[in-house]
Structures are given as C-alpha cells and as structure tokens.
Amino acid sequence: MTDAERVRDLQHKLYRKAKQEKNFRFYVLYDKVSLPHLLREAYKRCRVNGGCPGIDGISYADIEQDGQENFLSEIKAELESKTYRPQAVLRIEIPKANGKKRPLGIPTIKDRVIQMAVKLVIEPIFEADFEECSHGFRPRRSADRAVREIKQNLIEGKCDVYDADLSEYFDTIPHTELLTLIAKRISDNDILHLIKMWLKAPVNKDGNYTGGKHNKVGTPQGGVISPLLANIYLHLLDKAVNRPDGQFHTHGIRIVRYADDFVLMAGKIPEKSIGYMKAMFNRMKLKLNEEKSTFINAYEEAFDFLGHTFRYDWDLHGRHCKYWNVEPSTKAQKKIRMKISEYLKENGHKAPEKLAQELNRILRGWINYYSVPGVTYPNKAKRKLRQYLVMKLTRYYKRKSQRKSKLHKQGAFRVLVKTFGLIDPSKYTPKLTPVNA
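Small disclaimer: the values here were computed from a predicted structure and weren't measured. (Residues numbered from 1 in each chain as written. Predicted model: local features only at pLDDT ≥ 70, side-chain atom pairs only at ≥ 80, totals over all residues. Heavy atoms only, no water.)

**Digging into the overall build of the protein**
- Scanning the protein from terminus to terminus reveals 18 helices and 11 strands.
- At 24 Å, the protein has a C-alpha radius of gyration in line with the 22 Å of a compact globule built from 437 residues.
- Carbon and sulfur atoms make up 50% of the accessible area of the protein, which amounts to about 22,900 Å² in all. (Helix = DSSP H or I, 4+ residues; strand = E, 2+ residues; numbered from the N terminus. Rg over C-alpha atoms; globule rule 2.2 N^0.38 Å. Areas by Shrake-Rupley, 256 points an atom, 1.4 Å probe, with all protein chains shown as cover.)

So, in structure tokens, the structure goes:
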C-alpha cells in the first residue's frame, strides 16, 4: 500500500467509529501522528500547497537539500519525546480588493507538517459529525455545492435571505470554548496539548511579538489546521439551525455555510429568529457585522455569495418568464481583470508560447470555478473577459518596442489563440467533475 492509501485506511476506520458512536471520545491518537507513512503524507500535502518560509526562513528547497527523511526523522523524534514546541507565526498582510488588508499567519514548515499530520488523524472524527450544509474546507466538498444548494433553495421558494457576515471570525474564536468542543470527541491530552500550543503560539509582525501564552482568542488564517478548528466551532450554528425542534427549523429556515460565510434562507425569516442567532453568537463570544449583514428579498434584489451573483431575471430568449440566473459577480469579474493586468505588467518580455501557457492557468481556474453545470450561466462574463483580453494583449504588444511588434500587426489575441493555444474564454468549455463524484 502507498502512504496515501494507508492514511485513507486509518481515516476510514476513525470515521466509521465516530459515525457509529456519536458520544465516543477518542483517547489514543497521539501515537498515530508520528507514524512515518503519515508524516511523509503530511509533508507531501504541505509541499503541494506550497507557501513561503515561516519565521525561521527555512524553505522546502532547504529541507530537500539536507534530506526530507532527515527532516521527518527529527519531527518524529521530537513528537515521541514530547519535546516539540511550535515557533512563532509570521504575520503578513494580503491586500484585498476593497483596499483593506487581510492578516495571514505563516507557520514554519515544520509546524505546518505536524499540523497536517494531526489534521489527517482528527479530521475524519469531526467529519462524522458535521452537517451537510457546511461546504468550506472539507474533503470532497467545494464552493460549487454551496452554490447549487442556494439555487435549489431559491427554486423551492426560500427567497427571504439573510446574508450574514461575522467580524474577524478567525481572530476572535475563543480558545477555552473551542478546546471544550474538541474535547467532547477527543480525550487524548497530548493531541489537545498540541492544539493548545498552536493556538497560543506568538505572532511576529515586522519584528514585534504579540500573543503568546496569555492570548485567549484567535487561530491564524494560514495555519494548516485553522480551517478545521473554525469549522468545529461554527458547527454549533449548523446544529442549531438544523435541529428538528429548534427555532430555525420551525420556520423552515435553512443555512448554507462556507467557512465563516453563510446565508439563512426561508419563505419568511422572522426577526425573532435573527435575534435568537445574535444571542447565540453572544454566548459563543462572536460578533456579527451588523453593517454587512442584511435581509434580502431575492425576488426583488440580487445578492452575492462566494463570488457569484444570484438574480431573478427575465428570460431573454422570448419565453416571457423569469429564471434564477447565477453568474460571476461584478467584483469577481473585476478581480480576474486585475489579475491579468498585473500579470502582463510583471511579464513584459515573455515568449508568446510561455505567455499563453501562464495566462491559461489564470483563465482556466477562473472559468472552471464559475462553471457549475445546470446551475450557473457564465457565458456573458466569458464574452466580456474575451473582449478585455483582446484589448489588453493589443496594448501589451504595442508597447513592447518603439516599433509595433509583429504580433500587434497580426492581431495578438487571434494569433495567441490560433498558434500558441491561448484559451478563448468565450469558447472554452471546462472538463467538469460529476456532481456526486
């Protein structure tokens, strides 16, 4: 068996046990984390994800120059002797489209690998408990399922929508309450100690340290295990909405959640249900962003979720009826144009075949994301993207030299498509994975 197959076999056993016994607490897990094949698989997954070095400056290239097996052997020894201590998290800020910045925490590669190893062991246990309405950062789930579910709810008449926004969710998760929830399923103190150390790891920003052992809230965005911890905590919300005898279910309210982004949907959402949710968040020590959280009547007003715009539109093919149109949002279209523009600015002297190849990676990922069979209608956005490419590539080759380049005279976009394999967004049809795959 390969390392991946052995890890999957372990995960299936843990999942089945957790599914069959809802109140079972797993008490012998720590020894699994240091298994050589599990550490190798953890390193492999971290390597695929890439990422810059942490605060120690050690990159994957450095590790592989010294020997991957030596690196993993050192980790195994530290785990078995229980001398492992995480290093500080490197804080960087990523610019957002609205001009603000998103804080991102970068652990060292060693910490990432150990976090991944723990995640591989404990994730199937919590997966057995998670609700179907949760789609973000979970195995075999993705944004397209959330989009599909929202459209189905709209078709069923659940068009009263509460579009919710949590303020700085990852930075405000309370440690004590989170660890209490984890301990309901895991009683292995060594695993709990590892998670607690990661939560308490100091943060280094521009040489200044904050947090540490006195920190009581937050899990860094960028940590391998952080999305799982975030899902564990918001699972409380999913359960509350889906409880058969609960406030939400009584009024036919459904939730569709992707990490900390979620919408509530029903034929009519009573104010008291929102009040109940706000009171619940207060008990959870979370804060709802009142300015960004809004009620929407989807029959009358479009709304955005996960980069898609949901709108009740007139059919333009002469059938004189309305349908639920789902297309890339204005913000998402602006973002892909900015990404293409930045790429062309930074790559002024690329060979045409290389330029086409690298642009294709950008285009293919965007088109694939917004193409959900039978659900979304991205063709209008794809045509606009084609027009933008024609314009940008014409300008790109016009300024390559004082004389107009050969590609500019011939029509850059047309030549790149015909000769060098550039994707024409208006004609590209992605190979899509079946819904139930």
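Moving on from the model shown.
**Looking at the packing of aromatic side chains**
- All told, the structure shown has 17 aromatic pairs when counted by the stated rule.
- Each ring, one from Phe248 and one from Tyr276, has its centre 5.7 Å from the other, and the planes form 75°; the classification is edge-to-face. Placement of Phe248 in helix 12 (residues 247-250) and of Tyr276 in helix 13 (residues 271-284) is noted, with a sequence separation of 28 residues between them.
- Among the residues examined, Tyr276 registers a relative accessible area of 31% and is labelled partly exposed.
- In this structure an aromatic cluster arises from ring pairing among Phe24, Phe26 and Tyr27.
- For Lys17, the ring lying beneath its charged end belongs to Phe24, and the centroid distance is 4.6 Å.
- Positioned over the ring face of Tyr30 is Lys82, at 5.7 Å from the centre of the ring. (Phe/Tyr/Trp six-rings, centres within 6.5 Å; stacked < 30°, edge-to-face > 60°. Buried < 20%, exposed > 50% of the residue type's maximum accessible area, 1.4 Å probe, protein only. Lys NZ or Arg CZ within 6 Å of the ring centre and 35° of its normal.)

**Regarding the pattern of salt bridges**
- Scanning the entire structure with this criterion turns up 25 salt bridges.
- Between Arg138 and Glu127 there is a salt bridge, with its nearest N and O atoms 2.8 Å apart. In this pair, Arg138 is assigned in the loop between helix 6 (109-127) and helix 7 (143-155) and Glu127 in helix 6, connecting sequence segments 11 residues apart. There is no split in this pair, since Arg138 and Glu127 are both buried.
- Between Asp424 and Arg386 there is a salt bridge, with the nearest N and O atoms lying 3.2 Å from each other. Residue Asp424 is located in the segment after helix 18 (412-420), and its partner Arg386 is located in helix 16 (residues 379-398); the two are separated by 38 residues in the primary sequence.
- Asp424 gets classed as buried once you look at its relative accessible area, which sits at 9%.
- A single network of salt bridges, built from pairs that share partners, joins Lys22, Asp129 and Arg185. (Salt bridge = Lys/Arg side-chain N within 4 Å of Asp/Glu carboxyl O.)

**What to know about the sheet that holds strand 11 (residues 322-328)**
- Reading across from one edge, 9-10-11 is the order of the 3 strands in this open sheet, with antiparallel pairing throughout. Either end of the sheet is taken by a strand with one partner, and the two such strands are strand 9 (303-305) and strand 11. The mean inter-strand angle of the sheet, taken between neighbouring strand axes irrespective of direction, is 30°.
- Examined bridge by bridge, strand 9 and strand 10 (residues 308-314) share 3 bridges and lie antiparallel to one another. Note on strand 10: the bridge partner recorded for Asp304 is Thr309. (Pairing = 2+ DSSP bridges. Axes fitted to C-alpha atoms, helices over the stretch in contact; angles between N-to-C directions.)

**Looking at the packing of helix 14 (residues 330-346) against helix 15 (residues 352-369)**
- Running from N to C, helix 14 and helix 15 point in directions that differ by 165°, and their axes come no closer than 11 Å. Compared by their axis directions, helix 14 and helix 15 come out roughly antiparallel. Our pair here, helix 14 against helix 15, has a crossing hand that is right-handed. Contacts between helix 14 and helix 15 involve Ala332, Gln333, Ile336, Lys339, Ile340, Tyr343 and Leu344 from the former and Lys354, Leu355, Glu358, Leu359, Ile362, Leu363 and Trp366 from the latter.
- The class makeup of the residues in the contact of helix 14 with helix 15 is 10 nonpolar, 1 polar and 3 charged. (Parallel < 35°, antiparallel > 145°, perpendicular 65-115°, else oblique. Left-handed = near helix turned anticlockwise from the far one by under 90°. Contact = heavy atoms within 4.5 Å. Nonpolar A, V, L, I, M, F, W, Y, C, P; charged D, E, K, R; others polar.)

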